[in-house]
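Letter by letter, the chains look like this.
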Amino acid sequence: MKERITTAGIFIKNNKVLVAKRKEEGVIGGKWEFPGGKNRYGESVGETLKREFQEELGVSVSPGDTIMSFDFINKETLYHQKAVLIDSVEGEFVLKFHSEIKMCDKEELLSLDFADSDRRMAVFLVENKLL
């Protein structure tokens, strides 16, 4: 079985967290997610997040601590999911792969239609009082 590292950037400000809604295409089209993506072999988790935020949202980020990690299987690949706090975001958002972004509080967060792995992270944030 193949293995990959995948990342999610968790940017929290004023008790709200950044989420993005995928455009209506692909397997998770129309679902909400925490921005991030698959690690390129040889990249650190922080490098992956910096690249993914720049590619997908046009902003620069400063990754912080990993707050959660878990494994899941999708299409015969074992993914090692890393949820990492984002200390700062700089620049203006440009949506390339998403139709919408927003900062939401814990109540709204749990009402969103997430991909399964992102829902797990959303519940973690609320249960651990990070929002």
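It should be noted that the structure appears before, not after, this text.
As the structure is a computational prediction, the values presented were derived from the model and not from experiment. (Residues numbered from 1 in each chain as written. Predicted model: local features only at pLDDT ≥ 70, side-chain atom pairs only at ≥ 80, totals over all residues. Heavy atoms only, no water.)

Enquirer: Which parts of the structure should I look at to understand the overall build of the chain?
Expert: In terms of helices and strands, the chain carries three helices and eight strands. Ordering the α and β elements of the chain from the N terminus gives β-β-β-β-β-α-β-β-β-α-α. Taken over C-alpha atoms, the radius of gyration comes to 14 Å for the chain, in line with the 14 Å a tight globule of 131 residues would show. Each principal axis of the C-alpha distribution contributes one length, and for the chain these read about 40 × 30 × 30 Å. (Helix = DSSP H or I, 4+ residues; strand = E, 2+ residues; numbered from the N terminus. Rg over C-alpha atoms; globule rule 2.2 N^0.38 Å.)

Enquirer: Looking at this structure, how should I read the pattern of salt bridges?
Expert: Oppositely charged side chains may form a pair once their charged atoms are brought near each other. In total, this model carries eight salt bridges according to the counting rule given. A salt bridge links Glu-52 to Arg-51; the nearest nitrogen and oxygen atoms lie 3.1 Å apart. Residue Glu-52 is classed as buried on the basis of its relative accessible area of 8%. For Arg-51, a relative accessible area of 13% puts it in the buried group. Through salt bridges with shared partners, one network takes in Arg-40, Glu-43, Arg-51, Glu-52 and Glu-55. (Salt bridge = Lys/Arg side-chain N within 4 Å of Asp/Glu carboxyl O. Buried < 20%, exposed > 50% of the residue type's maximum accessible area, 1.4 Å probe, protein only.)

Enquirer: How should I be thinking about the sheet that holds strand β5 (residues 36–38) in this particular structure?
Expert: Hydrogen bonds between backbone groups are what pair the strands of a sheet, and the pairing can be parallel or antiparallel. Strand order in the open sheet made by the four strands is β5-β1-β7-β6, with mixed pairing throughout. Each having just a single partner strand, β5 and β6 (60–74) make up the two edges of the open sheet. The sheet shows a mean angle of 15° between the axes of neighbouring strands, taken without regard to direction. Where strand β1 (residues 2–10) and β5 come together, three bridges link them in antiparallel fashion. Each residue of the ladder has a partner; that of Thr-7, found in β5, is Gly-37. Lying on the sheet, helix α1 (residues 45–57) is in contact with β1, β5, β6 and β7 (77–90); it crosses β5 at an angle near 115°. Contacts from helix α3 (residues 116–127) reach β1, β6 and β7 within the one sheet, and its direction differs from that of β6 by about 120°. (Pairing = 2+ DSSP bridges. Axes fitted to C-alpha atoms, helices over the stretch in contact; angles between N-to-C directions. Contact = heavy atoms within 4.5 Å.)

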